[in-house]
Amino acid sequence: MTMVSRRAVTAGLLLIPGMASAAPRYDAVLKRPDDPRRFSAPTYDRLSAAVAAAPKDGARPFKILVTRGVWDEQVVIDKPFVHLVGEDRQASIISHLAASGLIAPDGKRWGTFRTPTLFVRAPDFAARNLTIRNAFDGLAEMSKPGGLHSHDGGGPQAVALMLDKGSDRARLSEVDILSYQDTLFPDAGRSLFERCLIAGSYDFIFGAGRAFFRDCEIRSLPRPVDPVDGYVVAPSTPIDKPFGFVFKDCRLTKAPGTARHSVYLGRPWRPSGVFPDGRYGDPKYVAAAAFIDCWMDDHVAPEGWTKMWYTGKDGNPRTMLQPESVRFSQFGSGGPGAAAFRRGRTLTAAEAKGMSQRAVLAGWNVR
């Protein structure tokens, strides 16, 4: 007879003899129908069904165990306190394939804002020890005759994760976030990324939200079609927000084949708005991003930062927003790609210290 201690039962380590270990306790389990393991929590074979089981107005974490497998589905997290915990960081994969220039099931192009694999539209979301990816192969697409290209109106933009309106206090730890272009879209609220891998090649971290990246790997992928055309960030920070994206103690790495000096730290994205006198780039968006005490490989361009086009008030779609007109900065960079970058500011030690996690995520008591 197997003896189960009272302590183990209380802790939820082995809730019922013969069932799979469930430490910590889960409220739902995502598993394949052919997985023979039994869990104490309800099981689902689709992530959207597990999310639907969460309370509409939850006030505590609703923990979903994501077992090993590729879970191919586009999912909206629209309930608070949904927490995803992977069984295996590389093998618990939330995946979907969609790209801006491809045709969606409704017969229309996806468009960038409809491509995310995972939409977060509620506060207090968390994910740990898993992978979120957009499975669209942007490099293969760009390399083939007649393929979609980054400068096309409907190109290979393929978002893996979007923190959308309604998201706030999103926390991701030990998560791989993967795509080729427009990978991560923190567009709303505050978010914290800890020890994550974020990979892409072109504007692959973009949006208007406040995000703090700590001890993350930011990996640039090769662009043989456009070899001097990579960008890490493209923030659209509102002017009334003191911080946009802050990277602290991160590593800017490159995948094999990424050209030397081919990737800019970032460029400023100014989305258009509709005004009484026309539609043009909204001046309230004044990008903000900083890299503090980060290690950089030699793919980083010596200019550091570069310009980005937007639609001017005169209707010119190629009006350029320069790095000097926004809030781009760095401090304490090291590695082969570190330089006295020609564009953007170098912070003082006091300014760098002022861009702490607590300051960037002000009002959120992260534990």
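Here the structure is shown first, and the text comes after it.
Being a predicted model, the structure only gives us computed values, none of them experimental. (Residues numbered from 1 in each chain as written. Predicted model: local features only at pLDDT ≥ 70, side-chain atom pairs only at ≥ 80, totals over all residues. Heavy atoms only, no water.)

> Tell me about the pattern of salt bridges, and name the residues and values.
On inspection of all chains with the given rule, the structure shows 27 salt bridges. Where Glu 194 meets Arg 171, a salt bridge forms, and the shortest distance between an N and an O atom there is 2.9 Å. In this pair, Glu 194 sits in strand β13 (residues 190-194) while Arg 171 sits in strand β11 (residues 170-178), placing the two residues 23 residues apart along the sequence. Across the pair Lys 254 and Asp 298 runs a salt bridge whose closest N-O atoms are separated by 2.6 Å. Here Lys 254 is found in strand β20 (residues 251-254), whereas its partner Asp 298 is found in the loop between β25 (295-296) and β26 (308-310), with 44 residues between them in sequence. Each of Asp 35, Arg 37, Arg 68, Glu 87 and Asp 88 takes part in salt bridges that share partners, so that together they form one network. (Salt bridge = Lys/Arg side-chain N within 4 Å of Asp/Glu carboxyl O. Helix = DSSP H or I, 4+ residues; strand = E, 2+ residues; numbered from the N terminus.)

> Explain the nonpolar core to me, and be specific about the residues and the numbers.
Formed by 59 residues in total, the largest nonpolar core has its most connected members in Leu 84, Phe 193 and Phe 213. Here this core takes four residues from β11, the largest share from any one element. If we ignore the near neighbours within four places in the chain, the residues touching Leu 84 are Leu 47, Ile 64, Val 66, Ile 94, Leu 118, Phe 125, Ala 126, Ala 127, Arg 128 and Leu 130. Counting twelve residues, the second-largest nonpolar core is a separate cluster that includes Phe 243, Ala 352, Val 360 and Leu 361. (Core = buried A, V, L, I, M, F, W, Y, C linked by side-chain atoms within 4.5 Å. Buried < 20%, exposed > 50% of the residue type's maximum accessible area, 1.4 Å probe, protein only. Contact = heavy atoms within 4.5 Å.)

> Give a detailed account of the pairing of strand β28 (residues 327-331), specifying residues and quantitative values.
The pairing of strand β24 (residues 288-292) with β28 spans five bridges and is classified as parallel. What sits directly across from Ile 292, in β28, is Phe 331. Looking at chain direction, β28 and strand β29 (residues 345-346) are connected through two bridges and run parallel. Pairing of Gln 330 across the sheet is with Thr 346, part of β29. (Pairing = 2+ DSSP bridges.)

> Run through the packing of aromatic side chains, naming residues and quoting values.
Summed over all chains, the structure comprises 13 aromatic pairs. Their ring planes at 85° and their centres at 5.3 Å tell us that Tyr 202 and Tyr 231 sit as a pair that is edge-to-face. With Tyr 202 in strand β15 (residues 202-207) and Tyr 231 in strand β18 (residues 230-235), this residue pair connects regions lying 29 residues apart in the sequence. What makes Tyr 202 buried here is its relative accessible area of 2%. Judged by centre distance (6.3 Å) and plane angle (85°), the ring pair of Phe 213 and Phe 245 falls under edge-to-face. Here Phe 213, found in strand β16 (residues 210-214), pairs with Phe 245, found in strand β19 (residues 245-248); they are 32 residues apart in sequence, far enough to count as distant. (Phe/Tyr/Trp six-rings, centres within 6.5 Å; stacked < 30°, edge-to-face > 60°.)

> Could you give me a rundown of unusual backbone geometry, with the residues and numbers involved?
Backbone geometry at Phe 81 places phi at a positive 65°, although glycine is not the residue there. As for its placement among the helices and strands, Phe 81 is situated in the loop between β5 (75-77) and β6 (82-86). The residue Asp 203 is not glycine, and still its phi comes out positive at about 50°. Mapped onto the elements of the fold, Asp 203 is located in strand β15. The class of Asp 203 is buried, set by a relative accessible area of 7%.

> Lay out the state of the cysteines with the relevant residues and their values.
In a disulfide, the sulfur atoms of two cysteines are held together by a covalent bond. Summed over all chains, the structure comprises zero disulfides. Cys 216 provides the cysteine sulfur closest to Cys 196, a residue in no disulfide bond, and the two sulfurs are 4.7 Å apart. Lacking any disulfide linkage, Cys 250 is separated from the closest cysteine sulfur, that of Cys 294, by 4.7 Å. The exposure class assigned to Cys 250 is buried, which follows from its relative accessible area of 1%. (Disulfide = S-S within 2.5 Å.)

> Outline the environment of Tyr 202, listing residues and values.
Spatially, the C-alpha atoms of Tyr 202 and His 83 are 29 Å apart, while their sequence positions differ by 119 residues. Once residues within four sequence positions are removed from consideration, Tyr 202 is found in contact with Ser 150, His 151, Tyr 180, Gln 181, Asp 182, Arg 223, Asp 229, Tyr 231, Arg 267 and Trp 309. Of note is the side chain of Tyr 202, whose polar atom sits 3.3 Å from the side chain of Arg 267. (Polar contact = N/O pair within 3.5 Å; in protein donor to acceptor, adjacent residues only side chain to side chain.)

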